[in-house]
Amino acid sequence: MSEFSTKNENQTISVNKGFFILITSLIISIIFNILFYGKIPGISCIIFVSFSYSLFFINFKNSFKAKINFQNLVFLFILLLSLYYSLFANEIFTVLNVMVLFVLILIHTMLSCEKNTREWFQFSFINDILYGLFYGMFAYIFKPITVLANIKVFNKPDNKNNNVKKVFIGLIISLPLLLIIILLLSSADAVFGNFMSSFTKIFKNINMPEVIGRSFIIVIIFAFTFSYLWFLSLPKNEINKNRVQRNYSNINEISSSNGININNEAGLKKSLSVFDPIIVITVLVSINLVYLLFTMIQFTYLFGSINHNLPQNLTYAEYARKGFFELVLVTLINLIIILATGSFTKINSNKIYAAVKVLNSFLVFCTGVMLFSAHFRMSLYEETYGYTYLRIFTHAFMIFIFVLLIISLIKIWNQKLVVLKYYIIVSLIAYILINFVNVDSIIAKNNIERYHHSEEIDVSYLTQLSYDAVPQLLDFLPE
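Bear in mind the structure is a predicted one, so any value in this text is a computation, not a measurement. (Residues numbered from 1 in each chain as written. Predicted model: local features only at pLDDT ≥ 70, side-chain atom pairs only at ≥ 80, totals over all residues. Heavy atoms only, no water.)

## Details of the overall build of the protein chain
In terms of regular secondary structure, the protein chain is built from 21 helices and two strands. Buried positions account for 40% of the 479 residues belonging to the protein chain. Considering only residue pairs separated by 6 or more positions, the protein chain has 74% of its internal contacts joining residues 24 or more positions apart. When the accessible surface of the protein chain is split by element, carbon and sulfur atoms take 67% of a total near 27200 Å². (Helix = DSSP H or I, 4+ residues; strand = E, 2+ residues; numbered from the N terminus. Buried < 20%, exposed > 50% of the residue type's maximum accessible area, 1.4 Å probe, protein only. Contact = heavy atoms within 4.5 Å. Areas by Shrake-Rupley, 256 points an atom, 1.4 Å probe, with all protein chains shown as cover.)

Structure follows, in structure tokens:
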């Protein structure tokens, strides 16, 4: 296969070009992470812009002409504003120039690659800019998977070892994910950490929040950069066609809502299915094996607790009263995995479909155990240190995630369920409930009950609560 093509868009980009865009986007995201993560912009700004534009010129060398025109003038402005950070430190312009630079880069790249349908001096040119921003940066964020799938070494259907290669790809994808999950679970549970000590001691000096933060930034910058570069690489005559087709799709949706079935639902689902099932199953099996061990430890040591030996120098209280925030974070990661694999996996056979559903269901079960473990740990923590806004809201958030998990489980076995609709409804209900349960009164009441059992209370914190807690505090005042 020498070209990528999409049924809805008459667009073609060579495999080599697509792979080069992928590598370019990855390099830009890594350089951005190195230069800007946790740092104040300085000379790093002009370095990043110069380096990124060097890669941009390599990708689109035929789009530039050495003459005086508006886009080259904009490019000069971009360089000057990038240089500003090396010379000055005014806080207002430091923030403002970030937004101005972003808009100027958008304008320059759109004009250079001729993705505009209006002249730059027309007021309607704003529509082109918004199109490049919202469509260009979001429409192709999943395209890297297609690029990798079409590389010749991974795209040989007649090769007997094709499945072995897919398993190998799945294991490679699993490694960074497993690294983050194992480190989080080791931090959350000392017994699990003790079991994994031979593995985690290699990374004992790693700052986990920083690793997660840097990884998140790299993924986000990579996805948006790739999508935008892919958008810029499309043939020039595709812009208007894409817009017409999007308008036609809107008409189809309106017609369907009135009982006219124009869109083919099966075809739409097929177009969204981008994950290879063998790779997905490999990733799910790898993750579930780790979660199986963690779940066994929870039932053995935490819920069964005191009858089992804990690692040396660790009491049951110390073991149980920590790790809830790490477990909540792992739960969110799992929710994303469940939704992504359930919605975007190619279904080649009923057996493959059943395997993905079973593995995702087991992942939901393990995630439920993690949520209960986090809830149990937080409850013990509150009994020892008292009740606060953060701790109560953490409980509420865990209940909210649990409801989303139930909806996700139903989605796994009923693909017709529009999961986003129920997510929105549940989110609105949850937000209304948390407003009306009177959190201040709950905090005051629980802290007073804790005082009756332990004779310990943080009076200073109680005085910081709102007037909603006054009825509880008035009853407690004589004590």
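There is more to say after this.
## A short note on unusual backbone geometry
A positive phi angle is found at Glu 114, which is not glycine, with a value near 55°. Among the structural elements, Glu 114 can be located in the loop between helix H4 (91-112) and helix H5 (125-136). For Glu 114, a relative accessible area of 39% corresponds to the partly exposed category. Its identity is not glycine, yet Asn 438 carries a phi of approximately 60°, on the positive side. Note on placement: Asn 438 falls in the loop between helix H18 (419-436) and helix H19 (439-454).

## Describing the packing of aromatic side chains
Under the defined criterion, the tally for this structure stands at 28 aromatic pairs. With a centroid separation of 5.9 Å and an interplanar angle of 85°, the aromatic rings of Tyr 135 and Tyr 140 are classed as edge-to-face. Owing to a relative accessible area of 14%, Tyr 135 belongs among the buried residues under this scheme. Pairwise contacts between aromatic rings join Tyr 53, Phe 56, Phe 57, Phe 60 and Phe 75 into one cluster. Over the ring of Phe 60 we find Lys 17; its NZ or CZ atom is 4.9 Å from the centre of that ring. Residue placement shows Lys 357 over the ring face of Tyr 353; its charged tip is 4.3 Å from the ring centre. (Phe/Tyr/Trp six-rings, centres within 6.5 Å; stacked < 30°, edge-to-face > 60°. Lys NZ or Arg CZ within 6 Å of the ring centre and 35° of its normal.)

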